[in-house]
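The chain contents come next:
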Amino acid sequence: MKYFVVTYGCQMNVHESEKIAGILEKMGYECGQSREEADIIVFNTCAIREGAEDRVLGNVGALKKQKKRNKNLIIVVCGCMTQKEITAKKLMSTFPFVDIVIGTFNISSLPDLINNVKNGRKLELWEEGGIDETLPYKRTSGENAWVNIMQGCNNFCTYCIVPYVRGREKSRSEEAILREIEEIVREGKYKKITLLGQNVNSYGKDLMPQVSFAKLLKDIAAIQGDFEVGFMTSHPKDLTDELIDVIASEPKIERNIHLPAQSGDNRILKLMNRRYTREHYLDIIRKIRNKIPKVRITSDFIVGFPTETEEEFLRTLELVREVRYDSIFAFMYSPREGTVASKMEGQISDEVKHDRVNRLLKLEKQIQKEDNKS
Ligand code: SAH
Ligand code: SF4
Ligand code: F3S
């Protein structure tokens, strides 16, 4: 029996697919090379932008024929998109041939659900469940090993669906993380360890006693062995001097900081509920560059947030010109149902969003060209 997992979205999802693969292998399934030869196909979905959801729907729809040919094929849709009850229900009614629809909280129930389907039951499940520390991972990212340090997000940036589909911030214990990393290092197959969290800088605030992200990094760097440790994503509002000092002083920590700014304009940042100003952001960048030579800094930007004016967009371009990032991701704002920004007046037309995203990317290319030359 073979399985095939299709992953959409961020590194968190890539890593969760490694957990799904681990669970399926423990059940006796083998990794298949393609959808066509699979007995069970899992779509691990993303809800961050409309485009991400559309791709999932298209690909699930395309399986109808395969299911007709092979009645025993089991189709599972899970992840952020189906954590939303409305979307899960809609998916079940549009594609009745899908066997299991679950959210982000119920991956550990997968074996029971699959056995139930084999006994002729269809299933949907998305209520909040626990996180099972004992589930196996099948690491699939070559020399890089992902390590989740926390789940969820408390920030509620007004455009973002993540807090709704991943729940509140929940840090793993430092002990569990260190044990996992020691095991990875002992295996000797991985040169790089990447710590994952939606907002790694708030790691440990919910633990008793509290542990700072800087302390966690320091303790990880103290583990004997030949490896490099990186992390994503940092939120500017909680990036501490202590953290900058730890990165500067520990050679095992990667000199690579992804620090999403989202916008260069203070009114828009406030509407986004990012809780920092352009000035504070630039201050952090300055500190990082002073203390960590040769650091790579990257960022994400959203253009066409509701009510964003041309002048405000120009402030974003200015910020990019000022920081001279090593690279950036630029996204057109995509309204997500249930978020605060989706209900704001002054939604921007697609035409304007396209124009702004193109200008932002053009500027990035120009800066990279100049930097490469120098
Ligand atoms: N936790 C990370 C980001 C996770 S989502 C952080 O806070 O930085 C990755 C990126 O997707 C975000 O940085 C943002 O730029 C983009 N994004 C999130 N929601 C979006 C939306 N509704 N429309 C367009 N881009 C969005
Ligand atoms: Fe979304 Fe903001 Fe949380 Fe990042 S910090 S996941 S953008 S709500
Ligand atoms: Fe997408 Fe969920 Fe990640 S919405 S970006 S897969 S946390």
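Draft legend 1. Spotlight on the site of ligand 1. In the neighbourhood of ligand 1, 15 residues make up the surrounding shell, with Tyr-159, Gln-198, Gln-262, Asp-300 and Ser-334 lying closest. The separation between a nitrogen atom of ligand 1 and a polar main-chain atom of Tyr-159 is 3.0 Å. Here a nitrogen atom of ligand 1 and a backbone polar atom of Gln-198 are 2.8 Å apart. Alone, ligand 1 offers 540 Å² of accessible surface; in the complex the protein occludes 89% of this. Breaking the shell around ligand 1 down by element, the ones donating at least two residues are β13 (296–303) and β14 (327–332). Residue composition of the shell around ligand 1, by class: 7 nonpolar, 4 polar and 4 charged.

Draft legend 2. Summary view of the packing of aromatic side chains. In total, this model carries 9 aromatic pairs according to the counting rule given. Summarising the aromatic geometry, the rings of Phe-329 and Phe-331 are spaced 6.4 Å apart at their centres and angled 5° between planes, so their arrangement reads as stacked. In this structure an aromatic cluster arises from ring pairing among Tyr-159, Phe-305 and Tyr-333. Over the ring of Phe-331 we find Arg-49; its NZ or CZ atom is 3.7 Å from the centre of that ring.

Draft legend 3. Quick peek at the domain arrangement of the protein chain. What the domain assignment lists for the protein chain is domain 1 (2–125) and domain 2 (144–373). Of note, the centres of domain 1 and domain 2, computed from C-alpha atoms alone, are 29 Å apart. With 19 residues of domain 1 in contact, the opposing surface of domain 2 contributes 19 residues. At the boundary of domain 1 with domain 2, total buried surface from both sides reaches about 1,700 Å², with 60% on carbon and sulfur atoms. Three residues, Met-12, His-15 and Arg-49, lead the burial of domain 1 against domain 2; their summed loss comes to 35% of the area buried on that side. Joining domain 1 to domain 2, the criterion identifies 2 salt bridges. Across the pair Arg-166 and Glu-16 runs a salt bridge, and its minimum N-O distance is 2.8 Å. At the boundary of domain 1 and domain 2, one finds 7 residue pairs in polar contact (both at pLDDT 80 or more). Elements supplying a minimum of two residues to the side of domain 1 that touches domain 2: α1 (11–26), α2 (50–61) and α4 (80–83). Ranked by the residues each element gives to the side of domain 1 that touches domain 2, the list is headed by α1, at 7 residues. Of the residues assigned to the side of domain 1 that touches domain 2, the class counts are 8 nonpolar, 5 polar and 6 charged.

Draft legend 4. Inspection of the pattern of salt bridges at higher detail. Inspection of the entire model under this criterion finds 30 salt bridges. Between Lys-287 and Asp-241 there is a salt bridge, and its shortest N-O distance comes to 3.0 Å. One end of the pair, Lys-287, is in helix α12 (residues 278–291); the other, Asp-241, is in helix α10 (residues 241–249), with 46 residues separating them in the sequence. Classification of Lys-287 as partly exposed rests on a relative accessible area of 35%. Judged by relative accessible area, which is 39%, Asp-241 ranks as partly exposed. For Asp-355, the salt bridge identified is with Arg-359, shortest N-O distance 2.9 Å. Placement of the pair is Asp-355 and Arg-359 together in helix α14 (residues 350–373), with a separation of 4 residues, close to one helical turn.

Draft legend 5. Representation of α1. In this model, α1 (16 residues) spans 23 Å end to end at C-alpha, consistent with the 22 Å of a helix rising 1.5 Å per residue. For α1, the full list of buried residues reads Met-12, Asn-13, His-15, Glu-16, Ser-17, Glu-18, Lys-19, Ile-20, Ala-21, Gly-22, Ile-23 and Leu-24.

Draft legend 6. Broad picture of unusual backbone geometry. Following Met-208, the chain continues into Pro-209 via a peptide bond in cis, with omega recorded as -10°. In this model, Met-232 is joined to Thr-233 through a cis peptide bond whose omega is 0°. Residue position: Thr-233 is located in the loop between β11 (228–232) and α10. We note that Asn-273 has phi near 60°; this positive angle belongs to a residue other than glycine. Structurally, Asn-273 can be placed in the loop between α11 (266–271) and α12.

Draft legend 7. The side chain of Asn-155, seen in detail. The topology assignment puts Asn-155 in the loop between β8 (150–151) and α7 (162–166). Those residues in contact with Asn-155 that sit more than four places away from it in its chain are Glu-169, Asn-199, His-235, Lys-237, Asn-273 and Arg-275.

Draft legend 8. Spatial organisation of the environment of Gly-51. Tracing the chain through its elements places Gly-51 in helix α2. Relative accessible area serves as the criterion here: at 37%, Gly-51 is assigned to the partly exposed category.

Draft legend 9. Fine view of the sheet that holds strand β10 (residues 192–196). A sheet is described by the order of its strands in space; here 3 strands give the open sequence β7-β10-β11, paired in parallel fashion. The sheet terminates laterally at β7 (144–148) and β11, the two strands that pair on one side only. The average angle at which neighbouring strand axes cross in this sheet is 25°, direction not considered. Inspection of the sheet shows β10 paired to β11 by 5 bridges, in the parallel sense. If you follow Leu-196 over to β11, its bridge partner there is Met-232. Across the sheet, helix α8 (residues 174–187) is in contact with β7 and β10; its angle to β7 comes to roughly 170°.

Conventions and cut-offs
Residues numbered from 1 in each chain as written. Chains lettered and ligands numbered in written order. Predicted model: local features only at pLDDT ≥ 70, side-chain atom pairs only at ≥ 80, totals over all residues. Heavy atoms only, no water. Near = heavy atom within 4 Å. Polar contact = N/O pair within 3.5 Å; in protein donor to acceptor, adjacent residues only side chain to side chain. Areas by Shrake-Rupley, 256 points an atom, 1.4 Å probe, with all protein chains shown as cover. Helix = DSSP H or I, 4+ residues; strand = E, 2+ residues; numbered from the N terminus. Nonpolar A, V, L, I, M, F, W, Y, C, P; charged D, E, K, R; others polar. Phe/Tyr/Trp six-rings, centres within 6.5 Å; stacked < 30°, edge-to-face > 60°. Lys NZ or Arg CZ within 6 Å of the ring centre and 35° of its normal. Domains from an automatic or database assignment. Contact = heavy atoms within 4.5 Å. Buried area = accessible area lost by both parts, 1.4 Å probe. Salt bridge = Lys/Arg side-chain N within 4 Å of Asp/Glu carboxyl O. Buried < 20%, exposed > 50% of the residue type's maximum accessible area, 1.4 Å probe, protein only. Expected span 1.5 Å × (residues − 1). Pairing = 2+ DSSP bridges. Axes fitted to C-alpha atoms, helices over the stretch in contact; angles between N-to-C directions.

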